[in-house]
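Listed below, chain by chain, are the residues.
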Amino acid sequence: MAPPRQNVKMTLPLSLGRYHISEEYGFLLPNPLKELPDHYSPWMEIANKLPHLIESHQLRAHVNKMPLLDCQFLTSYRARRLAHLVLSCITMGYVWQEGDRQPEQVLPRSLALPLVEVSRNLGLPPILVHADLVLTNWTKRDPAGFLSIQNLETIISFPGGESLRGFVLVTALVEKAAVPGIKALVQATHAILQPSQDALLQALQQLRLSIQAITGTLGQMHDYVDPDIFYAVIRIFLSGWKDNPAMPAGLTYEGVSQEPLQYSGGSAAQSTALHAFDEFLGVRHGSESADFLHSMRDYMPPSHKAFVEEIRSAPPLREHVLSSAHGHLRTAYNQCLQALADLRSYHLNMVTKYLITAAAKAKSGKLNALPGPPQALEDRGTGGTAVLRFLKSVRDKTLEAILHPRG
C-alpha cells in the first residue's frame, strides 16, 4: 500500500522549476531532441525504420548485428531522454516482433547494456515508459505554431500508422491540458499556508477547469485512433514483462543479470498529473489499486515523482476544507472531485471501447485483415492490471471522497 500521509511541512515556496516541470508544457519535456550524436547512428538508423523492420520481421536480425556503443557521448539530459526513448522502443519491437506467441526471452548485450546504463542515469526502468512514448516523443512541424495535433509529429514510431500517431499525440495534448491544473496545485498550496480563501477558491476553480479540459482532450482519441488497430496492432508494443502471462519469468537482459527481470508495460497510471491531483484532493484508493498506482511512481522521472511526494506532504486540503465554515470552499472542492470522477468514468468508457469491445470483435474473427491480436493480455491493461476492475475502483474511490452536507 501507499505509505500514510506524513505530517511534514513542505519546504517553501513550492515551485514547478525545482521539479523540472515546465511552466508551459508541464510534465512534457520541452523541445525534445530528434537526433543523437553521430556516434549513435546505428541506434537511430534502426529506430527511424522501426515500423518497417517490425512488419517485415527484420528487426531482430538488425539488432543482433548492432555494435555495442559507449554512452559517454550522451552528455545532456535531453540526449539521455532521447536515447532512452530510442533504446526502449527498439527493445519493445525486439521482444514483440512476432507477437505474444513468440516473445523474445533474451535482450542482446548491445541493446541491454546501454539501455540499462541510460536508465540508471535517468532513474527510469529499462523499459518503454509513459515518459518516453509520450513526454519525450513529440515535435512541432512548425516551431512557431501551436501545440495542436495538426502541428505535431512523433519522433519514434511503431506499427499502427495514423492510429499510433494519434494515440501518442492525443496523450501528449492531454498532458498539456493538465498544465493549468498543475499550476493550480502550487497556487492552492500557497493559499492554504497564507491563508487566503479567495486565492484557494480561484485555484480550485482552475483545477476543475483543467480536469474538464483533460476529459475533452481525451475525447480526440475517437477521431484519431481506430479501436481495432489499437487492440490488434499497437497494444502489444506497450506491454511489459511483469504480470504478463506471455512472459511469466520476465526478460533476461544479457550482460546485466543472469536472472530474468520483470517490468510493467507503459500505462496511463505512469502519468504524474493524476497522482498529484489525487494526493492534493485527498483521494485514498483501495489497497490493490493503491499498491499498483504507487509502484507506477517508480516509472516516472524521479523529479516528477518527488513533486507528487511534495504535494503529499503539504498541508492537507481536505482537512482545511472540513475545518472551514466557508461553504463555497466545500462546493469548489467537491466540484474538483466530481470532475476527476467524470474523467475516470470517461476513461473507463474509452477502455471498454478500445479493449473490451475490440477484444470481442477480434474473437469473432472480424479482424482478419490485421495481425493476430495479443491473447495473453486480453482483459488486462498494458501495465498488467485487470483493467476494468482497477478503473472502476479508482473512479468509485474518487466519488467516495466527495464531502456531503453535515446531516
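Quick note: structure is the one above.
So, here is what we can say about the structure in this document. Values in this document were obtained by computation on a predicted structure and should not be read as measured data.

### Looking at the packing of helix α8 (residues 179–193) against helix α9 (residues 197–218)
It is the contact of α8 with α9, at a shortest axis distance of 8 Å, that shows an interaxial angle of 160 degrees. Classified by the angle between their axes, α8 and α9 sit roughly antiparallel to one another. Our pair here, α8 against α9, has a crossing hand that is left-handed. Within the contact between the two elements, α8 uses Pro180, Gly181, Lys183, Ala184, Leu185, Gln187, Ala188, Ala191 and Ile192 and α9 uses Ala199, Leu200, Ala203, Gln206, Leu207 and Ser210. Residue composition of the contact of α8 with α9, grouped by class: ten nonpolar, four polar and one charged.

### Overview of the packing of aromatic side chains
To describe a pair of aromatic rings, one takes the distance between the centres and the angle between the planes. Evaluation of the coordinates by the stated rule reveals nine aromatic pairs. Ring centres 4.7 Å apart and planes at 35 degrees place the aromatic pair tyrosine 40 and tryptophan 43 in the tilted group. Relative accessible area serves as the criterion here: at 0%, tryptophan 43 is assigned to the buried category. With 5.1 Å between their ring centres and 45 degrees between their planes, phenylalanine 167 and phenylalanine 230 make a pair best called tilted. Of the two residues, phenylalanine 167 is situated in helix α7 (residues 161–177) and phenylalanine 230 in helix α11 (residues 227–234); the sequence distance between them amounts to 63 residues. Under the relative-accessibility criterion, phenylalanine 167 is labelled buried at 17%. Accessibility expressed as a relative area gives 11% for phenylalanine 230, which makes it buried. By way of ring pairs, the aromatic residues Tyr19, Phe27 and Phe307 are connected into one cluster. Here the guanidinium or amino end of arginine 60 rests over the ring plane of tyrosine 94, the centre of that ring lying 6.0 Å away.

Calculation rules
- Within each chain, residue numbers correspond to sequence positions counted from 1 in written order.
- Per-residue local features of the predicted model are confined to residues with pLDDT of at least 70, and side-chain atom pairs are confined, for both listing and counting, to 80 or more; whole-chain, interface and lining totals are unaffected and use all residues.
- Side-chain numbers here rest on the full set of heavy atoms in the structure, without hydrogens or water.
- Axis definition: a line fitted to C-alpha atoms, limited for helices to the stretch in contact. Angles are taken between N-to-C directions and run from 0 to 180 degrees.
- Runs of H or I in DSSP of at least four residues are treated as helices and runs of E of at least two as strands, each being numbered from the N terminus.
- When an angle is under 35 degrees it counts as roughly parallel; over 145 it counts as roughly antiparallel; between 65 and 115 it counts as roughly perpendicular; any other value is oblique.
- In this scheme the crossing of two helices becomes right-handed for a clockwise turn of the near helix relative to the far one and left-handed for an anticlockwise turn of less than a right angle.
- Contact definition: two residues touch when any of their heavy atoms are within 4.5 Å.
- As a working rule, the residues Ala, Val, Leu, Ile, Met, Phe, Trp, Tyr, Cys and Pro are called nonpolar, Asp, Glu, Lys and Arg charged, and the rest polar, with Gly in that last group.
- Each Phe, Tyr or Trp ring (for Trp, its six-membered ring) is paired with any other whose centre lies within 6.5 Å, and the angle between the two planes then decides the class: stacked below 30 degrees, edge-to-face above 60, tilted in between.
- Accessible area is worked out with a 1.4 Å probe on protein chains only. A residue is then buried under 20% of its type maximum, exposed over 50%, and partly exposed in between.
- The rule is short: NZ of Lys or CZ of Arg within 6 Å of the ring centre and within 35 degrees of the ring normal puts a charge over the ring.

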